[in-house]
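Remarks on the overall topology
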Amino acid sequence: MQQTPDPAGWMKPALRGLAFFYGLALLDPLINFLYLSPQDTRFFFTAQLFPIFTCIAALTGHTLTQVHLPAKILPASSVNKEHQDQIQQAIHYQKLYQNPELTLVSLAARLGLSPNVVSRTINTGFGQSFAEYINTHRVEEVKRRLEAGDAERFTLLALALEAGFPSKTTFNRVFKEQTGCTPKMYQKKCHSMIRDDPDL
């Protein structure tokens, strides 16, 4: 099996070289004592080697840190079609989104799956988080009823609560996030469309 180069592997030889360098530094006083008279200029052997050593260490470190590690190949995420169909059946057709107390855990228990499996299936299969997926269905339900003219018989809050929103605040925030306008603005637009429809 081919080993991957370690970009930090240069540190061990660099430390060994540094230890060797300071070992040589111990020779400076001995050289000066044995070979130079007191009147001569002191000679420091390590002073000559230190710039060279520093350049070598810097170049080695720079070269080795440029080694590109091979990209880790991750297996392609696959969606279990059966799980995806189960979730769609429960949410879209059985309209479990209308339950304001629906949670990832309760949905998973109802489907006989683990919460992790349900979460991963929604994320990968539908491209949304659990909360986004449920709220999308709730918003679409309110929009459908507004377009059908149900706002003439029900208040916006009543439509929101029947769609599964737990509160007016959550409804207003999520609706605007997903449609770009407030529920009242959308209601006025739908009312105008219904009024201008020549078939009505």
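What this report covers is the structure whose coordinates are included nearby.

**Details of the nonpolar core**
Generally speaking, a soluble globular protein has its nonpolar side chains buried in company with each other. Formed by 16 residues in total, the largest nonpolar core has its most connected members in Ile87, Ile91, Leu102, Leu107, Leu111, Val118 and Ile134. Listed by contribution, the elements that provide at least two residues to this core are helix H4 (81-93), helix H5 (104-111), helix H6 (115-126) and helix H7 (130-147). Residues in contact with valine 118, not counting those within four places in the same chain, are Ile87, Leu104, Leu107, Ala108, Leu111 and Leu113. Residues Val139, Leu159, Phe171 and Cys181 belong to the second largest nonpolar core, which totals 14 residues.

**Re the layout of surface pockets**
Of the volumes computed, that of the largest pocket is approximately 150 Å³. Lining the largest pocket are His92, Lys95, Tyr97, Thr136, His137, Glu140, Glu141 and Arg144. Across the lining of the largest pocket, the residue classes tally to one nonpolar, three polar and four charged.

**Describing the pattern of salt bridges**
Taken as a whole and judged by the stated rule, the model has seven salt bridges. Note that glutamate 141 is salt-bridged to arginine 144, the shortest N-O span being 3.2 Å. Here glutamate 141 and its partner arginine 144 are both found in helix H7, three residues apart, which amounts to about one turn of the helix. Residue classification places glutamate 141 among the buried residues on the basis of a relative accessible area of 8%. In this structure arginine 144 comes out as partly exposed when scored by relative accessible area, which is 44%.

**Section: helix H9 (residues 168-179)**
For H9, with twelve residues, the first-to-last C-alpha span of 16 Å sits near the 16 Å given by 1.5 Å per residue. Listed as buried for H9 are Thr170, Phe171, Val174 and Phe175. The buried residues of H9 occupy an angular sector of 120 degrees when the element is viewed end-on, so they sit on one face. Exposed side of H9, more than 90 degrees from the buried face: Lys168, Thr169 and Glu177 are the residues found there.

**Re the packing of aromatic side chains**
Within the structure shown, the criterion is met by four aromatic pairs. Between the aromatic rings of phenylalanine 175 and tyrosine 186, the centroid separation amounts to 5.6 Å while the plane-to-plane angle is 75 degrees, which identifies the pairing as edge-to-face. One end of the pair, phenylalanine 175, is in helix H9; the other, tyrosine 186, is in helix H10 (residues 183-196), and eleven residues separate them in sequence. The pair phenylalanine 175 / tyrosine 186 is uniform in exposure class, with both members buried. Of the aromatic side chains, those joined through ring pairs into one cluster are Phe165, Phe171, Phe175 and Tyr186. Its end group placed over the ring of phenylalanine 154, arginine 145 keeps NZ or CZ at 5.1 Å from the ring centre.

Definitions and cut-offs
- Residues numbered from 1 in each chain as written.
- Predicted model: local features only at pLDDT ≥ 70, side-chain atom pairs only at ≥ 80, totals over all residues.
- Heavy atoms only, no water.
- Core = buried A, V, L, I, M, F, W, Y, C linked by side-chain atoms within 4.5 Å.
- Buried < 20%, exposed > 50% of the residue type's maximum accessible area, 1.4 Å probe, protein only.
- Helix = DSSP H or I, 4+ residues; strand = E, 2+ residues; numbered from the N terminus.
- Contact = heavy atoms within 4.5 Å.
- 1 Å grid on protein atoms, 1.4 Å probe; cavity = no way out; pocket = protein on both sides within 12 Å on 5 of 7 lines; lining within 4 Å.
- Points joined across faces, edges and corners; volume = space filled by probe spheres on them.
- Nonpolar A, V, L, I, M, F, W, Y, C, P; charged D, E, K, R; others polar.
- Salt bridge = Lys/Arg side-chain N within 4 Å of Asp/Glu carboxyl O.
- Expected span 1.5 Å × (residues − 1).
- Arc of directions from axis to C-beta.
- Phe/Tyr/Trp six-rings, centres within 6.5 Å; stacked < 30°, edge-to-face > 60°.
- Lys NZ or Arg CZ within 6 Å of the ring centre and 35° of its normal.

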